Every structure is written in structure tokens, then in C-alpha cells.
Amino acid sequence: MTQTTVDPAEVAKFEAMAAEWWDLEGKFKPLHMMNPIRLKYITEQIAAEFGRDLDDDKPFAGLRILDIGCGGGLLCEPMARLGATIVGVDAAERNIPVAQAHARQSGLDIDYRWTTAETMAAAGEQFDVVLNMEVVEHVADPLAYLTACQQLLKQGGLHICSTINRNPKSFAVAILGAEYVMRWLPKGTHEWSKFITPDELYDLIRKGGLDPVDRKGFVFNPVLWTWSISDRDLSVNYVTASIKR
Amino acid sequence: MSHGQSRDLAHIHAMTYDHDLLIVGGALNGPALALAAAHFGLSVGVIDTVPLDTYKDPSFDGRAYALALASQRLLKGIGIWSKVAGVAEPMLEIKVTDGIAGQGPAPWMLHFDHAEIEEGPMGYMVEDRHLRPAFMEAMEESDRITLYAPETVTAQSLTENGISVTLASGKTLTAALLVGCDGRKSGTAERAGIKRTGWTYGQTGIVCAVAHEKPHGGVAHQFFMPHGPLAILPLKSNRSSIVWSETDARAAECAAMDDATFLEVLKPAFGSFLGDISLEGKRFTYPLNLTLANSFIADRIALVGDAAHGMHPIAGQGLNAGLRDIAALADVLRDARHTGQDIGSPIVLSKYQQWRRFDTATLAVATDTFNKLFSNDNPLLRAVRDVGMGVVNSIPALRRNFVREAAGLTGDLPSLMRS
């Protein structure tokens, strides 16, 4: 779709949806609350891996980053602000013009595409960093998916993957808590049986051809209402970093 | 520092803004925030109503700041301290004394010594005439800071992805975030519709400097006189800065006096422990009132220092509290910048508000209570505070805690204020 053939009514609709995606008190509130801690982990890993100083202007300039499951662009926009060349892909077609509308409002240049990791890999696309956040628990074949992520990386590239652990606590917190009690997420967002333990994920990442180098927990404190990064508590949300050697 | 035209660098920083950050107010808090933000890569515009060279007048005028140790660390972090260290007087001890009406200060009752904490002096006295030029010089040295002065903000409005400010000259500037460092009558807050809560004390602060015969030995004194407190703070050589709070009527009388008459009124309160005294520089008067902004943030706006909380200057905590806001806001903005977040987004600003608002309200109420308790000749209150001072003074751990509080080392310290 090009700028000249855009229907103004369609644009208005997508801008409204973008507003919904970016409404901090709206239906994506849990994602917004968690986003700063995800970004902290991602930016520190990228800076360390590629020897970048975050005090510099555009510290990620020259890095090509792929965000899988980009949604409204909550990760893509920060990466673009840091100077990265960013491609955001989403399997949900309607997310693409929504993300494009918001990037335009933010004055950011982001390449959003309606496609999948597997299609991108088959086309031979190559990236320095693949962001794979809260996606693997939704895919039908995690190993095939993680193999595609590996194929998308250049030699020495960084893969960051976060997901939800599978244990009674994660069932209570992520499904009963977030979906049923707090109504943060639509019921049925998650299937508990698809959740993956950190050891299972490490194993899948290795089988996919990547070398896992780090894992941390994202921990929500319901009293202080804040998220933090934990070395030890990977009981619900957690994140991994792996390298293509 | 560039002056308006050369905005090339600003454009590299932010594709869609003139600057990442716009600051209204160039006295002390504004430049401190500008320097802190420039250090982690933000492009900053500072708007001030007075011409650039106003702050370069070096004559001694008697105004000085009691910088807590935490504030000194912040100044070190932003490259100011090295410019004023040579002219700063360390505060080694604080003596608090309960004065008796007509009799001058009683023997000291509370004594805080920096030797009780390991971090060094509790703070430093720095004269206004040294501090302001140091800030100007540091801003000139930074290629990320642009000064717009003399300029007045006439309007501010939200844009699709930022905030736009209109200046009296007709110039329009845009940024991701606008910070009001424009004092207790903050126009930034007013234009944003932020209301204020406040009250007056019926007291006025008289500020001046005195020269005295004997050396002060780095000791700061606070005499609690019946009408209000008298602070004597050590300056370089045999000079001290005085903050004397009096009832409005009495202060107006004092303001009308000539220097010789005023000195005769001051002497009995001051006492003779530093030998003979004489006035130096000018006398300044400040009506004391407390004003708290009902919110420290609005859409793409944050308030800092007196714009957020104008406080009773009883313990010299006004500038220190402002610098603490700045250190906290700098931490929050630095995290946001490092993670590629929009520095003006509500999620970022609410972190600053959560961090500072409770702290500030607590300090304002504590200072207020302290003042009411001590500015009183009621025998019962007198007995209560005498007992209280005795208790604090006799328990080393409690005393140490007060010293650390005075040095600004308690609470959740922003990174710029850690050693």
C-alpha cells in the first residue's frame, strides 16, 4: 500500500487503533507496565554484545534489528530512537497499518511488514539482532520457529527471547491473575500447556543452532506495582539471550 | 553553547524536535538539570528572562547557599564543583540553640559534628556570586545546551508527539519534554493548569552577610528565637551568612532601618561569640510561604524545585530539595533515554512524580512543624523541645541520623548523589 492510495477513513481507523495500542491505561496496560524492564534488558544486552555506549547519540546506528510480533511497535519505536535500522513483522495483518500510523506520529522511520519469521528466513533476510518477545508460547512448532530465528541472524548475531514458565505459579499469575482476575488480558490469550520452562527453552534454542548465554527473570511486585530483573526468580516471566556462533 | 541559530546538532538528536528537553528558568535549578541531561546525551534548550551577562557580576552581595553533601556530589557529577571548590567553605559542625526572648542565645543544646559520619563535611557554603557564573561557564562549555535569553514564554501547547513553546520574540521551540524550573510562581505550571496548595507564615526572611572578629571554625549555628529562627552560616574568611526570620511587621521595620540601626538590632540576637560584627554586602528580604504544586507532572511537563515545592527556607533545604528533584529526574530521563523510550511519556514522568512527591511533602510538613514548634515562647512548648533536644543530643545513633539527614544522605538516593 502506498501513501497516495490510502483511504483517509482507513487512516483514521488505524490511528484510533494505534491510540488504543499506545494507551497506557488501555487494554495493553500490562505490556506498557512491563515494557521498560524488557527494554532495559534488551538495550543492555545489545550494548554489551556490540560494544555500544548508551550515552552516545544513536548508539545502535548501523545495527539491523528484527522485532517478531511487533504489535503496535512498543519495541520498534525505542530501537528506532536508538538509531537502529528496524524491521517489525507481525502475523496479524491489522497491526501493520496501526504500527505505521503511530510511527508516523512519532516521526520515526520503521519498516513494518505483514509476514512471519519463517517467510523472512526463507527469503534470506539477515539481522544483527532478533527480538523474539512473548511469541514462542503462541507458536505451533517452537523448534521450527526458533530454527527460523537462528537462520535470520548474521554470524555473531544476538537473539533475545522472552516467554512464560510452566508451573503452578505461572498458571496462577499469568492465566488466573492476568486474564481472569485483573482482566488485563483477554481470556484465552494464553494456553498454559504451551508455556515453556527455562531449561526446555535453552534446549530448544540449542537444537535450533544458537548458543544460550544468559537468562533472567522479569518479576512483578504487586505491592509496589513495579517490574524488576531478577537473577534467580524465573518462575513466571523470563528472558534469554543467545548467540549465533 | 550555541545561541539560537546553530541548531544543527539539535537536529541530529531529535528528528522532530528542536531539542529533546526544554527548560524554563536559568537561575540555578535550570542549568543544573540542563548539565545533568547533556551529560547523558540529551539536547537541551534553556529559556531565561534575564540577559546572559546578568549572572557574571562578581561583586559580593551576601547571598549564599548551604549545599548539603548530597548536593555537592551532584555538582561534582555535572562538572560544577571543580569551579567552586576553592571558594566553598565546609560546614564541619552544626550547633542548634534555643534562644530566650531578650536574652540572646542560650548555651548550645544540639550539636552535630561531621566527625560522626564517614562521608566528610555535612555540606558547604557557596556564595551566589560564585555559583551562578560557574553554571553559566559550564553551559557555555557544553555543545548540547542552547540558551535562549532574554526570552519570555508566552504560550505552551501539546503537539502530536511533543510540546511546543512560544516565546515573546515570536520564536517557537519544540521538545519531547518541558521542565518548569521557574520558581514558586511557575508560569509553566499555571499554563498547564496545575493548581497549588500553600500558606503564608506571616514571617519574612532577612538575608545578609556579616564580617566578624573571630574565626567561625566552620561551625553553622541555628538559634531558635521567639519570633523565628536565626541561622549563622560560615563563609570564606571571617564572614558569615545570616538568615533571620522575623514577623512580617518586624521585618518591614528592619528593612526600613539604615545599616547602623539594623546592626544594633541584630547584635543582641547574634551574641558576642564571634567578637565584634559589621555588615557586608546588601540586605535581602524574602516573605516566607509554603507552596506545593498539586501535581509535579502534566502531559509532557515536569516541575522542579520551587515550581514544585516552595519551602520555608528554615534549614536551607530549598536549593537542596531542588537539586534532589534534578538528580531524580535525571536518573529517570537517563533510563528512558538509554532504553529508547519517549522521555516525555507519562510512564516516564510518573516515575519522577512517585519518587519526589512523597519525599517533598514530608519535608515541607516537617519543616513547617519544626518552625511552629521553635518559633514560640509558650513555656509548655519550650519544655517539650528542651526535652526533645536533650534526648536527641544524648543518643549518638539518633544524632548521627540527624547529621546524615542534614547532609542529605538519607532516603532513596539518585545515582548522581551517591559517592
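The paragraphs below set out a description of the structure included in this document.

Definitions and cut-offs
Residues numbered from 1 in each chain as written. Chains lettered and ligands numbered in written order. Predicted model: local features only at pLDDT ≥ 70, side-chain atom pairs only at ≥ 80, totals over all residues. Core = buried A, V, L, I, M, F, W, Y, C linked by C-beta atoms within 7 Å. Buried ≥ 20, exposed ≤ 12 C-beta atoms within 10 Å, placed from the backbone. Helix = DSSP H or I, 4+ residues; strand = E, 2+ residues; numbered from the N terminus. Contact = placed C-beta atoms within 7 Å. Pairing = 2+ DSSP bridges. Axes fitted to C-alpha atoms, helices over the stretch in contact; angles between N-to-C directions. Left-handed = near helix turned anticlockwise from the far one by under 90°. Nonpolar A, V, L, I, M, F, W, Y, C, P; charged D, E, K, R; others polar. Expected span 1.5 Å × (residues − 1). Bend = angle between axes of the 7 residues up to and from the residue.

Below, the discussion takes up the nonpolar core. Ranked by size, the top nonpolar core spans 112 residues in total, and within it B:Ile23, B:Leu33 and B:Ala302 carry the most contacts. Take this core: its biggest share by element is 11 residues, from helix α9 (residues 317-338) of chain B. With near-sequence residues (within four places) excluded, B:Ala302 lies in contact with B:Leu177, B:Val179, B:Phe296, B:Ile297, B:Leu329, B:Leu349 and B:Tyr352. In terms of nonpolar packing, the next biggest core, distinct from the first, is built from 58 residues, A:Ile42, A:Val89, A:Leu146 and A:Leu234 among them.

Our focus in this paragraph is the environment of B:Gly41. Along the chain, the position of B:Gly41 falls in the loop between α2 (29-39) and β2 (44-47). A sequence separation of 21 residues divides B:Gly41 from B:Asp20, and the C-alpha atoms of the two residues are 9.5 Å apart. Excluding residues within four positions of it along the chain, B:Gly41 makes contact with A:Asp55, A:Asp56, A:Asp57 and B:Arg337.

Residue and element names in this part refer to chain B. The sheet built from 3 strands is open, its strands ordered β3-β8-β4 with antiparallel pairing. This sheet does not close on itself; its edge strands, each paired only once, are β3 (64-68) and β4 (89-91). Geometrically, the sheet is characterised by an average inter-axis angle of 30 degrees between neighbouring strands, direction not taken into account. Two elements, β3 and strand β8 (residues 123-127), share 5 bridges in a ladder whose sense is antiparallel. In the sheet register, Ala68 faces β8, and the bridge partner there is Gly123.

Residues and elements named next belong to chain B. With their axes 10 Å apart at the nearest point, α2 and helix α5 (residues 128-141) run at an angle of 35 degrees to one another. Of the two elements, α2 crosses α5, and the hand of that crossing is left-handed. Contact with α2, carried on its side by Pro31, Ala34 and Leu35, involves Phe135, Ala138 and Met139 of α5 and no other residues of that element. A class-by-class count of the residues in the contact of α2 with α5 yields 6 nonpolar, no polar and no charged.

Looking now at the interface of chain B and chain A. The interface of chain B with chain A comprises 14 residues on the first partner and 17 residues on the second. Contributing elements (two or more residues each) for the side of chain B that touches chain A: α1 (8-13) and α10 (346-374) of chain B. Residue composition of the side of chain B that touches chain A, grouped by class: 5 nonpolar, 8 polar and 1 charged.

Moving on, we get to helix α2 (residues 29-50) of chain A. All names here are of chain A. Taking 1.5 Å of rise per residue, the 22 residues of α2 would be expected to cover 32 Å, and the 32 Å separating its terminal C-alpha atoms lies within 8% of that figure. Largest kink in α2: about 40 degrees, centred on Asn35, with the proline Pro36 one to four residues after it. At the C-terminal side of α2, Gly51 shows a positive phi close to 60 degrees.

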